[in-house]
Amino acid sequence: MLSREEFIFTIGYDGPAAVVDGQAKRRYGSLSTKELAEKGLFRAAWSSAVYSKEQAQLDTVVELYNRITGSALSAGTSLDRLFGVFPVDVKRSIIL
């Protein structure tokens, strides 16, 4: 299974391995879900919330996304498709 930081900054897949943005991982990997969203890193924030499996974190990202972008998404709206984030069972990663 990928670490939280690897999952958050996965940019694609190469067969059975996740391709991870190493520079973003080093720079932003220690930030919380809320801190990522406040910096405008919504895809990373959503990935972090999905990884945590906590509804409160998912709601926080939706709330901050709406506030910053002026959107009116509801808490029930899934951002999975918008950001292309889906839980995948991957055991390896390739850091770029």
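The rules we used
- Residues numbered from 1 in each chain as written.
- Predicted model: local features only at pLDDT ≥ 70, side-chain atom pairs only at ≥ 80, totals over all residues.
- Heavy atoms only, no water.
- Helix = DSSP H or I, 4+ residues; strand = E, 2+ residues; numbered from the N terminus.
- Buried < 20%, exposed > 50% of the residue type's maximum accessible area, 1.4 Å probe, protein only.
- Contact = heavy atoms within 4.5 Å.
- Areas by Shrake-Rupley, 256 points an atom, 1.4 Å probe, with all protein chains shown as cover.
- Axes fitted to C-alpha atoms, helices over the stretch in contact; angles between N-to-C directions.
- Parallel < 35°, antiparallel > 145°, perpendicular 65-115°, else oblique.
- Left-handed = near helix turned anticlockwise from the far one by under 90°.
- Core = buried A, V, L, I, M, F, W, Y, C linked by side-chain atoms within 4.5 Å.
- Patch = residues over 30% accessible without salt bridge, like charges linked within 9 Å, V, L, I, M, F, W, Y side chains within 5 Å.
- Salt bridge = Lys/Arg side-chain N within 4 Å of Asp/Glu carboxyl O.
- 1 Å grid on protein atoms, 1.4 Å probe; cavity = no way out; pocket = protein on both sides within 12 Å on 5 of 7 lines; lining within 4 Å.
- Points joined across faces, edges and corners; volume = space filled by probe spheres on them.
- Nonpolar A, V, L, I, M, F, W, Y, C, P; charged D, E, K, R; others polar.
- Polar contact = N/O pair within 3.5 Å; in protein donor to acceptor, adjacent residues only side chain to side chain.

Asker: I'd like a description of the overall build of the chain, backed by residues and values.
Answerer: Each helix and strand in the chain was counted, giving 6 helices and 3 strands. Along the chain, helices and strands appear, N-terminal first, in the series α-β-β-α-α-α-α-α-β. With the C-alpha coordinates aligned to their principal axes, the bounding extent of the chain is approximately 35 × 25 × 20 Å. Within the chain, the proportion of its 96 residues that are buried is 38%. For the chain, the proportion of contacts with a sequence separation of at least 24, taken over those separated by at least 6, is 58%. On the chain, roughly 5700 Å² of surface is accessible, and the fraction owed to carbon and sulfur atoms is 52%.

Asker: Can you tell me about the packing of helix 4 (residues 42–52) against helix 5 (residues 55–69), naming the residues and giving the values?
Answerer: With their axes 8 Å apart at the nearest point, helix 4 and helix 5 run at an angle of 165° to one another. Here helix 5 runs roughly antiparallel to helix 4, going by the angle between their axes. Judged by the twist between their axes, the crossing of helix 4 over helix 5 is left-handed. Here F42, A45, W46, S48, A49, V50 and S52 of helix 4 come into contact with helix 5, specifically with Q57, L58, V61, V62, L64, Y65, I68 and T69.

Asker: Residue-level account of the nonpolar core, with values.
Answerer: Ranked by size, the top nonpolar core spans 23 residues in total, and within it F9, L36, W46 and F83 carry the most contacts. Among the elements of the structure, helix 1 (4–8), helix 2 (22–28), helix 3 (33–38), helix 4 and helix 5 are those that each provide at least two residues to this core. The biggest single contributor to this core is helix 4, with 6 residues. Beyond its immediate stretch of four places on either side in the chain, W46 contacts L58, V61, V62, L79, D80, F83 and V85.

Asker: Please provide a residue-by-residue account of a nonpolar patch on the surface, values included.
Answerer: Where nonpolar side chains cluster on the molecular surface, the patch consists of Y13, F86 and V88 and spans about 290 Å² of accessible area. With respect to the secondary-structure elements, V88 resides in the loop between helix 6 (80–83) and strand 3 (92–95).

Asker: I'd like a description of the layout of surface pockets, backed by residues and values.
Answerer: If you add up the space inside the largest pocket, you get close to 160 Å³. Taken together, M1, L2, F7, V50, Y51, K53, P87, V88 and D89 make up the full set of residues lining the largest pocket. Split by residue class, the lining of the largest pocket holds 7 nonpolar, no polar and 2 charged.

Asker: Explain the environment of T60 to me, using residue names and the numbers behind them.
Answerer: Positionally, T60 belongs in helix 5. We classify T60 as partly exposed; its relative accessible area is 26%. Looking at T60, its side chain comes within polar contact range of the main-chain oxygen of A56, at 2.9 Å.

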